[in-house]
Amino acid sequence: MGVPRNSPKTFHEKKTLQFLLDLDSRDNNKRNQLCSNPEYEEILSIIYYCSYIYTFTDPSESPSQQNLKRDKLIKLLSLVKSLKRPVPDEILSPLFAMISENLFRPLPPPNTSIICILPDDDDLIATPAAAWPHLQLVYDILLRLIITLETKTLKDHIDHSFLHNLLHLFQSEDPRERESLKNVYHRIYANFTSYRSIMRKAMNDVFLHYISETDQKHCGIGDLLEIWGTIINGFSIPLKEEHKVFLTRVLIHLHRPKGMQVYYKQLAYCVYQFVEKDPMLGVDVVKGILRYWPVTNCQKEVLLIGELEELVEIMEPEQHRILALPLCTQITKCLNSWNSQVAERALYVWNNEQVVKMASQDIEEVFPIVVEGMEKNLKWHWSRSVRQLTENVKEMLEEMEPSLYSRCLSQLDLHDSATNQEEMRRKQRWESIEMAAKRNQCIQDSRRLCVTN
């Protein structure tokens, strides 16, 4: 039996069909209006032309066509700056499609043959993006859109997937591209307040993956930390628990990888801001840095000594009392280092008034360790400059606490004497054991001769 002609289902179908026809008619009218507008017609034509990708590595590509696309992108940037507001979606959709087509591309494999050692020598490891003449202009267009248009207009185009793709591009080895990315990503963070939590979590995931994959190379860690530096600067006091967790679970652990020297400045700045806003965090930070102290990486040691010195300057006396012993113990180990740069940097720490004040908070425990380290340097260190610096620090400490220093020297002499006596007794015991072994061997040899005879 058929459906009645005037049933609700038939009426709903007619209404839906009519709605779709009206919608299509409105879209056609909009397209016709756009095409009738010379400015929009020109911009759409340029957008479609710029969607074609030139790799700059294919020999079949024409340099004249590459230059023509660059000219078109320059023209497009000029048109975007002069667009009347609001910009219709019929322009924004193809425009963002063109931006995505140009930017979101497979990156070449990382150049693992060069190990980055010096944090300021970025040009030594930079692999320039071949298509940068085009990419630079595309980044400029994207940044202009983010700056000039309202967030509600852009939200349909800058979504979570778009942000994820931007974050992936921070692995580019071209520092110029990472600089552009940094500006774009930070501007999105500033304008899109509803995205901030998601963007922070996405950056944290990059950090944690880098920490866990110790052999992985990621060129954009320093740039992401630079973004974080501006974010931390805006945190209100008291700090939220979420932000403290980021410090203890991410920033402190970023001291562990071998390539820390590359992003050390940005990392130290982030950590410094946290401790400056909440000095109570200084204890956890310093203990975390000491936990990941390098064993054979001397350059890293020099950097960490400097970071610890800066942190001591902004911490409260209560934290000094807690950290005096472990911190001075590590500094003493460093001043005894056979690497002269590490030893000299550790000795220079004692010129800092705050470090001396910290040591005085637990002076009875700290001084014996420091005095022992000083005397070792004066007796055994190969570097004349290290011995001279050690002598200067020794004079300063003697002037500060003469009686305690002399007492520590006496205790050290007693300890050395006891150690020497123990060493002599150990040698005597081994000599007696060796003599007994020889006597037994002689007895056994004589018995064998008797048996054979």
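Everything numeric in this text was worked out from a predicted model, so none of it was measured. (Residues numbered from 1 in each chain as written. Predicted model: local features only at pLDDT ≥ 70, side-chain atom pairs only at ≥ 80, totals over all residues. Heavy atoms only, no water.)

1. Considering empty space enclosed by the protein
Logical step 1: Counted under the stated rule, the structure contains one cavity of 30 Å³ or more.
Logical step 2: What the largest cavity holds in volume is close to 40 Å³.
Logical step 3: Forming the boundary of the largest cavity are Ile305, Leu308, Glu309, Val312, Leu327, Ile331, Val349 and Val355.
Logical step 4: For the lining of the largest cavity, the elements supplying multiple residues, two or more each, are α15 (298-314) and α16 (317-335).
Logical step 5: In terms of residue count, α15 provides more of the lining of the largest cavity than any other element does, four residues in total. (1 Å grid on protein atoms, 1.4 Å probe; cavity = no way out; pocket = protein on both sides within 12 Å on 5 of 7 lines; lining within 4 Å. Points joined across faces, edges and corners; volume = space filled by probe spheres on them. Helix = DSSP H or I, 4+ residues; strand = E, 2+ residues; numbered from the N terminus.)

2. Remarks on the pattern of salt bridges
Close approach of charged atoms allows side chains of opposite charge to pair.
Logical step 1: A full pass over the atoms with the stated rule returns 20 salt bridges.
Logical step 2: Notably, a salt bridge pairs Lys357 with Glu353, separated by 3.6 Å at the nearest N-O pair. Residue Lys357 and its partner Glu353 are located together in helix α18 (residues 353-361), separated by four residues, close to a single helical turn.
Logical step 3: Judged by its relative accessible area of 41%, Lys357 is partly exposed. (Salt bridge = Lys/Arg side-chain N within 4 Å of Asp/Glu carboxyl O. Buried < 20%, exposed > 50% of the residue type's maximum accessible area, 1.4 Å probe, protein only.)

3. Quick notes on the confidence of the model for the protein
Detailed conclusions should not be drawn from predicted coordinates in areas where pLDDT is low.
Logical step 1: Taken as a whole, the protein shows an average pLDDT of 85; of its residues, 87% reach a score of 70 or greater.
Logical step 2: Within the model, pLDDT remains below 50 along residues 1-15, and this stretch shows three contacts once partners closer than five positions in the same chain are excluded.
Logical step 3: Under a pLDDT of 50 for its full length, residues 113-124 has, in the predicted model, 13 contacts with residues more than four places off or in other chains. (pLDDT = per-residue confidence, 0-100. Contact = heavy atoms within 4.5 Å.)

4. Overview of the nonpolar core
Logical step 1: Counting residues in each nonpolar core, the largest one holds 122 residues, and the members touching the most others are Ile158, Phe207, Leu251, Leu254 and Trp350.
Logical step 2: For this core, the element with the most residues is helix α6 (residues 132-148), which contributes nine residues.
Logical step 3: In contact with Leu254, other than residues within four places in its own chain, are Phe207, Tyr210, Ile211, Leu225, Met260, Tyr263 and Leu267. (Core = buried A, V, L, I, M, F, W, Y, C linked by side-chain atoms within 4.5 Å.)

5. Examining helix α13 (residues 264-277)
Logical step 1: Here α13 is 14 residues long and its end C-alpha atoms lie 20 Å apart, about the 20 Å a rise of 1.5 Å per residue gives.
Logical step 2: The set of residues buried in α13 consists of Tyr264, Leu267, Ala268, Cys270, Val271, Gln273, Phe274, Val275 and Lys277.
Logical step 3: The inward-facing, buried residues of α13 contact α11 (221-233), α12 (241-251), α14 (282-291) and α15. (Expected span 1.5 Å × (residues − 1).)

6. Some details on the packing of aromatic side chains
Logical step 1: This model, assessed by the stated rule, comprises 12 aromatic pairs.
Logical step 2: Where Phe104 meets Phe162, the ring centres are 5.1 Å apart and the plane angle is 75°; that geometry is what we call edge-to-face. Of this pair, Phe104 sits in the loop between α4 (89-103) and α5 (122-125) while Phe162 sits in helix α8 (residues 160-168), and the two are 58 residues apart along the sequence.
Logical step 3: Classification of Phe162 as buried rests on a relative accessible area of 4%.
Logical step 4: Seen from their ring centres, Phe367 and Tyr405 are 6.1 Å apart, and the 90° between their planes marks the pair as edge-to-face. Placement of the pair is Phe367 in helix α19 (residues 363-380) and Tyr405 in helix α21 (residues 402-452), with a sequence separation of 38 residues.
Logical step 5: Looking at Phe367, the relative accessible area reads 3%, which means it is buried.
Logical step 6: Accessibility expressed as a relative area gives 1% for Tyr405, which makes it buried.
Logical step 7: Here the aromatic residues Trp228, Phe235, Phe246 and Phe274 are joined through ring pairs into a cluster of three or more. (Phe/Tyr/Trp six-rings, centres within 6.5 Å; stacked < 30°, edge-to-face > 60°.)

7. What to know about a nonpolar patch on the surface
Logical step 1: A surface patch of nonpolar side chains, about 490 Å² in accessible area, is lined by Trp338, Trp380 and Trp382.
Logical step 2: You can call Trp338 exposed: its relative accessible area is 55%. (Patch = residues over 30% accessible without salt bridge, like charges linked within 9 Å, V, L, I, M, F, W, Y side chains within 5 Å. Areas by Shrake-Rupley, 256 points an atom, 1.4 Å probe, with all protein chains shown as cover.)

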